Each structure stands twice: as structure tokens, then as C-alpha cells.
Amino acid sequence: MSEYKSGSNLEKVLKAGHFAFTGECGPPQGANVAHLKEKAGHLKGHVDAVNVTDNQTAVVRMSSWAASLILLEQGLEPNFQMVCRDRNRLAIQSDILGVYSNGIRNMLCLSGDHQKFGNHPEAKNVFDIDSMQLIHTAKTMRDDGKFLNGQEIDVPPELFIGAACNPFAEPFDFRVYRLAKKIAAGADFIQTQCIYNMAKFREFMKRAVDMGLHEKCYILAGVTPMKSVGMARYMSKQVPGMDVPDNLIKRLQGAGKGKVAAEGIKFAVEQIEEFKEMEGVAGVHLMAIEWEHRVPEIAEMAGVLPRPQV
Amino acid sequence: MIVAEPKPVKEILDMVRDLRKILIVGCKGCVTVCNVGGTKEVAILASTLRIAAKKNGKEIEVGEHTLERQCDPEYIDEIRDFVADYDAVISIACGVGPQFLSERYPEIRVFPGVNTKFMGGAIEHGIWSERCAGCGTCVVHYFGGLCPIARCSKSLLNGPCGGSNNGKCEISKEVDCIWDIIVRKMMEQGRLDELLEFKPPKSWMTARDGGPRMMTREELVK
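So, here's what we can say about the structure. Quick caveat: nothing in here was measured; it's all calculated off a predicted structure.

### Some points on the pairing of strand β5 (residues 160-165) of chain A
All names here are of chain A.
- β5 sits mainly inside the fold: six of its six residues count as buried.
- Of the two faces of β5, the one lined by F160, G162 and A164 and the one lined by I161, A163 and C165 are each fully buried.
- At this point the chain moves from strand β4 (residues 106-110), through helix α5 (residues 131-144), to the parallel β5, and the crossover so formed is right-handed.
- Sheet analysis places β5 next to strand β6 (residues 189-194), joined by four bridges and oriented parallel. Of the residues in β6, the one forming a bridge with A163 is I190.

As C-alpha cells, this is what we get:
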């Protein structure tokens, strides 16, 4: 039997004790394969795996499994995201089998943004199961070789199972317990929400380490560089569960005209440097939203290149 | 109770614009309690139709009748002697009412005068809030006596999601995050360990997902 659960590159990098570095790529709002390939091209060789978002913010895009397969063809390792908003348990299990059969080895389990935010707010949602149950489903399929109904699977899908964690959503005191619950349900790795409030994240990680959660699961800290003061304000006010301290907004404002983006990247790089040293943090998940072309320089500045070959 | 709201007057007028004899039927159950379908509202809607007809120079006859309940054939029978005198009936009961009327009086056209919203209660005078999704298998005791199926926007059984913000749901500042309330209550009660138990996927077979539902109580069937 393999020493790995999935044998994905991400799993191998983490298991070997390297500081992981993952990226993200949103599929196009259309069938613009060329644009997807171009965005993904910037990430190639600079990250260990690429999250492929699943109708993020409830906006219709090319399906995450299809975009994941395109990335796979391009020589990148996808981290296939799946939300519970758009699929019932039949579709969820069949998509898990489908992506695995086509060579996908990582999957991130999410509840999904409510459709009210998106571009089809009239839609009926599904939410047959929740993200916790999705993690458990993927684990049951892999480790027990069984469907949710207990029936045996003819060749189980062996995926490296990821989950999200938002240390900044409320109630704060419960968040570390919810992380523990996701790990108990079967999460092999965690990617956190974008971190801006470093003091709060330090406190969160201290609690996670005190509970020994970092020994049961790989925790990747979420980083999204700020492109502008407007983006910082928007994230602060409009994005649910996002914690952007005023002093960060002031710092960006203070950078001066034409230099805000550079300051945003500088802050992200400082964060990554701190995460490398922070107990319990096994890597960084860089969500450079529609800024894929800046990932190589961020990776370079953060000193995470070259990526390990395991 | 079942909570409903009046349909816009324009919509009702459009529905019945070619009809001359209309019977408005109210209900003394839930819709009376939530001030939308009782005797008083029957009278108001009747006046509205008469005034609108007069304004348009049309002759119209509007009858008014409020039944004890529209979800019970026994009471539905009460209008049998005169319902045929009308071209149509507007029911201002919940969605059950127009259907029971349609089934009992198949020759009569029946229109709904209200939009049925949800099962809930009045949290303040004039404000109603949803409490039950009718899933058919009550589980509120696991969640501090509160229902995440009806009250969490994503019906999470292992919440709260990452969108919980200042006690509010990510979909609107007007909507409480029920998981925020559940977690705080359970932690205050020293019942954190219960929340840490994984809740497996729910069977929706007893909910509407299992198909249209029926219930038979053998001991009550004559």
C-alpha cells in the first residue's frame, strides 16, 4: 500500500516537510480556454498546486472540474474545489469519481457562497449536505471504499482532502473547534480565509497548536495581496467574514500614488515570511485574484522558489 | 402558524378583470392571526374590487364569506349552496385553501389572493419570522432548541459557515446567523462537546424531497 493517501504533489511536498505554496485560478465566465491557459501559465513552476474555484461568489463560470482538467493538461496540479450549493449527494459523489478518474488528486470541500450574492440570485440552492459532511463523504469514499449509502465502490477515489477555515468569522472562540471538527471529519489539509489581521491569526494559531491540530492536519495560511486602497476598503466592508484592520488600509494609503500595489505585495511578502516561522503553519495559499501574472515575483520575493520536486 | 401576505392589488385585479361575480372566501385560521385572510381582510378586498370596478365603469358583484378553516372539507362544504352563483372564487387562505376549494368545487374557477410565505410566528406586532421548514424529522434539540434547517441560509447541520458576521448572516444584515446564536447558547450552557459531534447527512426522505407527503393515522380513520 502506498505511503500516501492520494499521491498528489501537494501531499508529497507537505509530507516531506517542505513549506507548501499553493495558488489559485478562477475559471473564465465563458469558454475562453486560451485565457485560462494564459493565467495558469503564470503559476506553472511557482506553486505546488492550483485551486480551481467552483462558481465562486455564486457567479456562473466554466465548471471547476473542466477547468481543473485543462490545468492538468498544461502540466499544473489542480486543487479541485467543490461547493455544496450546486450539487446534491448524487452529483457530489459522481463528480468525485469523475475528477479522480481523470487524474485529479486534490479536492477542497466548501459549503459555497449563497446564490444571493451572485449573478443568478433567483436560483434554487441545493445544500443537501454541508462542507463538513462533504469532507466526510470524500474520506468515506477513499478510506472505506463506500458511498454514502454504504454500498461498495468499484475502485475508490483517492483524493487529498482539503477544507477551508475562516479564523476571522464569528464566534471567534468557536472557530478553532470548528477547525478541529473538520480535521476529525477527514480534512488532510486546510486553507484559511485571506489573513490581514495578523494579531488575531497568531492567537488563532496558538489555540490550534495548543490543541495539537497542526499535528493532525497541514494548515496553509491564506494570503491575498491588496492591489489598491479601494480593494482593501471593499474587502473590509463588503466581503463577509473578512477582517481588514484600519492600520493596513492606512499603510496602503500612505504608500502614495502609483505605489499602493507594490506596498500590498510588500505586506503579503512580510506575511509569508512570518508564516514560514509561525508554529503550526505548513504553507501558504496565495490567492492573487486576477493577478496571476504577479505570482512569480511574489514567490521570488517571498523566497519560496524554486518549488521542491518530491 | 402559516404566514402569508396579500398579493398586490394589481395582480388580483388582473386575475379577475373579465369576471363579474366574485366570491371572496376568508379563513379564520392562521391567516386571520397574521392579519391577511380573515373576515376583515375579506371585506377590505371586496371593497377594493368594487371601487376598482366602479372606477372602470364596470358592473361587478362581490360576495364575502369567511370559513372556520379552509383546510377542512367539513367547513369547505359550507358554501356549497351559493358558490355556483359566482363566476369565480378568490381564496385569501394559505395555499391549502384555494386547492381544497378547487377540489371540492371543480366547476368553479379559484384564484389565490395571498402569497403563502412560511411556517413561523410573530416576533413583534407586525413582524413575522420563519421557524420551521417542515422537514418531517425534527432535530432542534441538537441545536439548543433552534432549527438550522429553516433558519440557516445554507441549512448547515455543522455550522457556522465562514460568512457569519457580527451575529448576522452573509446574505443580509437583516438576517440573524442562527448558528451564531446556537454556538453562543451551547457554549454558555457548557454543551460545546455536543456541537463538536459530527452531524451526518440528513435524510430528506421525510421532507418535500421525498415527494408530495401524506399522513395517515389509522386510529382516526373511520
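### Details of the sheet that holds strand β2 (residues 49-52) of chain A
Residue and element names in this part refer to chain A.
- Overall, parallel pairing links the eight strands, which are arranged β1-β2-β3-β4-β5-β6-β7-β8 in a closed barrel. Taken pair by pair, the neighbouring strands of this sheet meet at an average axis angle of 30°, ignoring direction.
- Bridge analysis of strand β7 (residues 218-223) against strand β8 (residues 281-286) gives five bridges, and the strand direction is parallel. Note on β8: the bridge partner recorded for G222 is H285.

### Re the packing of helix α8 (residues 229-238) of chain A against helix α9 (residues 246-254) of chain A
Residue and element names in this part refer to chain A.
- Packing of α8 against α9 brings their axes to within 9 Å, and their N-to-C directions diverge by 165°. Taken together, the axis directions place α8 and α9 in an arrangement best described as roughly antiparallel. Note on packing geometry: the crossing formed by α8 with α9 is left-handed. Residues V229, A232, R233 and S236 of α8 pack against L248, I249, L252 and Q253 of α9.

### Digging into the packing of helix α4 (residues 89-101) of chain A against α5(A)
Residue and element names in this part refer to chain A.
- Across the interface, α4 lies against α5 with an axial gap of 11 Å and an inter-helix angle of 50°. It follows from the interaxial angle that α4 and α5 lie oblique. Crossing hand, α4 versus α5: right-handed. Only L134, T137, A138 and M141 of α5 make contact with α4, whose side of the interface consists of I92, Q93 and I96.
- Grouping the amino acids of the contact of α4 with α5 by side-chain chemistry returns five nonpolar, two polar and no charged.

### Some points on the environment of A:E3
All names here are of chain A.
- Of note, E3 is situated in the segment before α1 (9-15).
- The class of E3 is exposed, set by 8 C-beta atoms lying within 10 Å.
- Residues E3 and K15 lie twelve residues apart in sequence; the distance between their C-alpha atoms is 9.9 Å.

### Regarding the sheet that holds strand β7 (residues 127-132) of chain B
Residue and element names in this part refer to chain B.
- Strand order in the open sheet made by the three strands is β1-β6-β7, with antiparallel pairing throughout. Looking along the sheet, the strands with just one partner apiece sit at the ends: β1 (2-6) and β7. Neighbouring strand axes in the sheet, compared pairwise and without regard to direction, differ in orientation by 70° on average.

What counts, and where the lines are drawn
Residues numbered from 1 in each chain as written. Chains lettered and ligands numbered in written order. Predicted model: local features only at pLDDT ≥ 70, side-chain atom pairs only at ≥ 80, totals over all residues. Buried ≥ 20, exposed ≤ 12 C-beta atoms within 10 Å, placed from the backbone. Helix = DSSP H or I, 4+ residues; strand = E, 2+ residues; numbered from the N terminus. Right-handed = clockwise from strand over helix to strand, strands pointing away. Pairing = 2+ DSSP bridges. Axes fitted to C-alpha atoms, helices over the stretch in contact; angles between N-to-C directions. Parallel < 35°, antiparallel > 145°, perpendicular 65-115°, else oblique. Left-handed = near helix turned anticlockwise from the far one by under 90°. Contact = placed C-beta atoms within 7 Å. Nonpolar A, V, L, I, M, F, W, Y, C, P; charged D, E, K, R; others polar.

So yeah, pure geometry; function would need other evidence.
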